[in-house]
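Chain by chain, the residues run as shown.
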Amino acid sequence: MSDVTQPSPTDTAKPLSEGTAQILDHNYDGIQEYDNPLPGWWKALFLGSILFSVAYLTLFTGEPFSIAHEYEREHAELLTRAASADLLAGITNESLSALAQDAEAMQAAKTKYLAVCASCHGEAGQGTIGPNLTDDHWIHCKEVTDIYLTIYQGVEAKGMIAWGKSLKPEEIQLLTAYVHSLRGSNPANPRAPQGEKTEF
Ligand code: HEC
């Protein structure tokens, strides 16, 4: 052992530099160990990565940002869009508006409306249990085909029946055209507007 490279036993507890670097007490056949603190940047990185993992786990594996949740939502949206496109095969805003001009068809539609829809939407569409269908505020509809889709698919959680299960597509087209024709008719005792003001 040469004194040039090995500190003598009495040196071992002394700081080696201005900082806090120290040599630990033990000595294994001349091999000694520094007791330096970890650098600040290293500790910050270590703590930072733990905090990041906690935040990441909380935000992205639970609601509302989880990837599985996001996937479910987008998948459901695509299915709804595909189903709507299927339901609307051949039915357009124009075909429904044209039907609304057909007085004879609208007479038949009114009879059907009074039989199945008036109990909730009022005889004149003014709204009772269900919303007013004559004003310019709509919860689910931005165009005429949306009226068709809403009647067909219903909003079962909110009490609107999915009429596609019990009425034929032709009957739903007639009812859609009839609802379309009721708009702007200003019946007595209207129910207050619901949803967004929507021009179509
Ligand atoms: C049992 C009561 C009930 C019956 C019967 C009913 N509806 Fe509804 N309807 C509702 C309710 C409640 C809503 C509102 C749903 C919501 O708040 O999301 C609604 C919503 C609608 C909407 C969408 C309104 C909007 O603002 O977007 C249309 C269109 C509609 N109904 C048409 C009809 C037609 C046509 C019939 C007859 C075939 C009918 N409804 C029968 C209860 C009913």
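See the structure printed just above.
Here's a quick rundown of the structure. (Residues numbered from 1 in each chain as written. Predicted model: local features only at pLDDT ≥ 70, side-chain atom pairs only at ≥ 80, totals over all residues. Heavy atoms only, no water.)

## Digging into the overall build of the chain
Moving on, step 1. A count of helices and strands for the chain gives 7 helices and 2 strands.
Moving on, step 2. Reading the chain from its N end, one meets helices and strands in the order α-α-α-α-α-β-α-α-β.
Moving on, step 3. Counting every position in the chain, which comprises 200 residues, the buried fraction comes to 28%.
Moving on, step 4. Restricting the contact set of the chain to residue pairs at least 6 apart, pairs at least 24 apart contribute 56%. (Helix = DSSP H or I, 4+ residues; strand = E, 2+ residues; numbered from the N terminus. Buried < 20%, exposed > 50% of the residue type's maximum accessible area, 1.4 Å probe, protein only. Contact = heavy atoms within 4.5 Å.)

## Comments concerning a nonpolar patch on the surface
Moving on, step 1. A surface patch of nonpolar side chains, about 860 Å² in accessible area, is lined by Leu-38, Trp-41, Trp-42, Leu-45, Phe-46, Leu-47, Ile-50 and Val-54.
Moving on, step 2. If you trace the backbone, Phe-46 turns up in helix α1 (residues 40-61). (Patch = residues over 30% accessible without salt bridge, like charges linked within 9 Å, V, L, I, M, F, W, Y side chains within 5 Å. Areas by Shrake-Rupley, 256 points an atom, 1.4 Å probe, with all protein chains shown as cover. Salt bridge = Lys/Arg side-chain N within 4 Å of Asp/Glu carboxyl O.)

## Re unusual backbone geometry
With the exception of glycine, most residues fall at negative phi, and the peptide bonds are largely trans.
Moving on, step 1. Even without glycine at this site, Asp-29 takes up a positive phi of about 45 degrees.
Moving on, step 2. Tracing the chain through its elements places Asp-29 in the segment before α1.
Moving on, step 3. Looking at Asp-29, the relative accessible area reads 80%, which means it is exposed.

## Overview of the environment of Ser-97
Moving on, step 1. For Ser-97, the position within the fold is in helix α3 (residues 93-100).
Moving on, step 2. In this structure, the C-alpha to C-alpha distance between Ser-97 and Thr-176, residues 79 residues apart in sequence, is 9.2 Å.
Moving on, step 3. Here Ser-97 is in contact with Val-144 and His-180, once residues within four sequence places are set aside.
Moving on, step 4. Separated by 2.8 Å, the side chain of Ser-97 and the backbone oxygen of Asn-93 make a polar contact. (Polar contact = N/O pair within 3.5 Å; in protein donor to acceptor, adjacent residues only side chain to side chain.)

## Side note on the site of the ligand
Moving on, step 1. Of all residues adjacent to the ligand, which total 22 residues, the nearest are Cys-117, Cys-120, His-121, His-140 and Met-160.
Moving on, step 2. Here a nitrogen atom of the ligand and a side-chain polar atom of His-121 are 2.7 Å apart.
Moving on, step 3. In the model, an oxygen atom of the ligand is placed 2.5 Å from a nitrogen or oxygen of the His-140 side chain.
Moving on, step 4. Residues of the shell around the ligand, tallied by class, amount to 15 nonpolar, 6 polar and 1 charged. (Near = heavy atom within 4 Å. Nonpolar A, V, L, I, M, F, W, Y, C, P; charged D, E, K, R; others polar.)

## Looking at the coordination of the iron atom of the ligand
Moving on, step 1. The coordination sphere of the iron atom of the ligand, as far as protein atoms go, consists of His-121 (NE2) and Met-160 (SD), spread over 2.0 to 2.2 Å.
Moving on, step 2. The site at the iron atom of the ligand holds 6 donor atoms, and with the angles between them running 86 to 178 degrees, its shape is octahedral. Highlighted residues: His-121 in helix α5 (residues 118-121) and Met-160 in the loop between α6 (144-153) and α7 (169-182), separated in sequence by 39 residues.
Moving on, step 3. Residue classification places Met-160 among the buried positions, given a relative accessible area of 18%. (Donors = N, O, S within 2.8 Å, 3.2 Å for Na, K, Ca; no water. Tetrahedral: all angles 85-135°; square planar, octahedral: opposite > 155°, others 65-115°.)

## Overview of the packing of α6 against α7
Moving on, step 1. Close contact between α6 and α7 brings their axes to 9 Å; oriented N to C, the two are set at 130 degrees. On the basis of the axis angle, α6 is oblique to α7. Between α6 and α7 lies a crossing of right-handed hand. Contacts between α6 and α7 pair Val-144, Ile-147, Tyr-148, Ile-151 and Tyr-152 from the former with Pro-169, Ile-172, Gln-173, Leu-175, Thr-176, Val-179 and His-180 from the latter. (Axes fitted to C-alpha atoms, helices over the stretch in contact; angles between N-to-C directions. Parallel < 35°, antiparallel > 145°, perpendicular 65-115°, else oblique. Left-handed = near helix turned anticlockwise from the far one by under 90°.)

## Points about helix α4 (residues 103-116)
Side chains that are three or four residues apart share a direction in an α-helix, a result of its 3.6 residues per turn.
Moving on, step 1. Taking 1.5 Å of rise per residue, the 14 residues of α4 would be expected to cover 20 Å, and the 20 Å separating its terminal C-alpha atoms lies within 8% of that figure.
Moving on, step 2. Here the buried face of α4 lies against α3, α5 and α7.
Moving on, step 3. Residue Asp-102 occupies the N-cap position of α4, its side-chain oxygen lying 3.2 Å from the main-chain nitrogen of Glu-104. (Expected span 1.5 Å × (residues − 1).)

## What about the environment of Ala-108?
Moving on, step 1. Its place among the elements puts Ala-108 in helix α4.
Moving on, step 2. With 70 residues separating them in the primary sequence, Ala-108 and Tyr-178 have C-alpha atoms 9.5 Å apart.

Keep in mind that these numbers describe shape and distance, not what the molecule does.
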